[in-house]
Amino acid sequence: MNQCPCGSDQSYSECCEPLIKGTRSAGTAEELMRSRYCAYAKTEIAYLLQTTHPELRKDSDEKSMRNWSRNSEWHKLEVIETNDGGPDDSEGQVEFIAHYSEKGVKKIHHERASFIKEDNTWFFKDAETIKPQQYIRPTPKVGRNEPCPCGSGKKHKKCCGA
């Protein structure tokens, strides 16, 4: 079985391929987003353009899309949250993380994508890239040579920091 790149645990031929080949339409915003991830993984740029809202197609950079698709190794798709975008909705948002590598360097693309349904067809409308938040340590960092905070009397590096 050729597993679908979108991570659905279905075969590609049963999951996203029918959408990309045009034999079936996406029923939800999340289904469209998953198929668009597959289109990047399979370098199906025509599908990406077709599923972009018609008002935005003229601004799409086909060459950049093709280069990113071809020059990346697509590892997995992680859906974080879906808001609306069901079969009876006309709008929806899907937050996701795409894991990929470029020139052997692992990267992530974290995005909240907006979708709109017109004439019973879902389209990609807009996206907001989500920047990673800086980690703030809740307590001061314990130095290696400082006494261990557990109260043992040993240096941290010889106790809990070992």
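Given the structure is predicted, the values throughout are model-derived calculations rather than measurements.

Conventions adopted
Residues numbered from 1 in each chain as written. Predicted model: local features only at pLDDT ≥ 70, side-chain atom pairs only at ≥ 80, totals over all residues. Heavy atoms only, no water. Helix = DSSP H or I, 4+ residues; strand = E, 2+ residues; numbered from the N terminus. Salt bridge = Lys/Arg side-chain N within 4 Å of Asp/Glu carboxyl O. Buried < 20%, exposed > 50% of the residue type's maximum accessible area, 1.4 Å probe, protein only. Contact = heavy atoms within 4.5 Å.

A. A look at the environment of Glu17. Tracing the backbone through its elements, the reader meets Glu17 in helix α1 (residues 17-21). When the C-alpha positions of Glu17 and Trp122 are compared, they lie 16 Å apart, and in sequence the two are 105 residues distant.

B. Representation of the pattern of salt bridges within the structure. Under the counting rule described, the total for this entry stands at 8 salt bridges. Between Lys125 and Glu55 there is a salt bridge, with the nearest N and O atoms lying 3.2 Å from each other. Here Lys125, found in strand β4 (residues 121-129), pairs with Glu55, found in helix α4 (residues 54-57); they are 70 residues apart in sequence, far enough to count as distant. Here Arg112 and Glu128 are joined by a salt bridge, their closest N and O atoms 3.0 Å apart. Of this pair, Arg112 sits in strand β3 (residues 105-118) while Glu128 sits in strand β4, placing them 16 residues apart in sequence. Residue Glu128 is classed as partly exposed on the basis of its relative accessible area of 44%. Taken together, the shared-partner salt bridges in this structure form one network comprising Glu95, Arg112 and Glu128.

C. A look at the environment of Cys4. Within the fold, Cys4 resides in the segment before α1. Put simply, Cys4 and Ala46 are 42 residues apart on the chain and 19 Å apart in space, counted from C-alpha to C-alpha. Those residues in contact with Cys4 that sit more than four places away from it in its chain are Gln10, Ser11, Tyr12, Cys15, Cys16 and Cys38.

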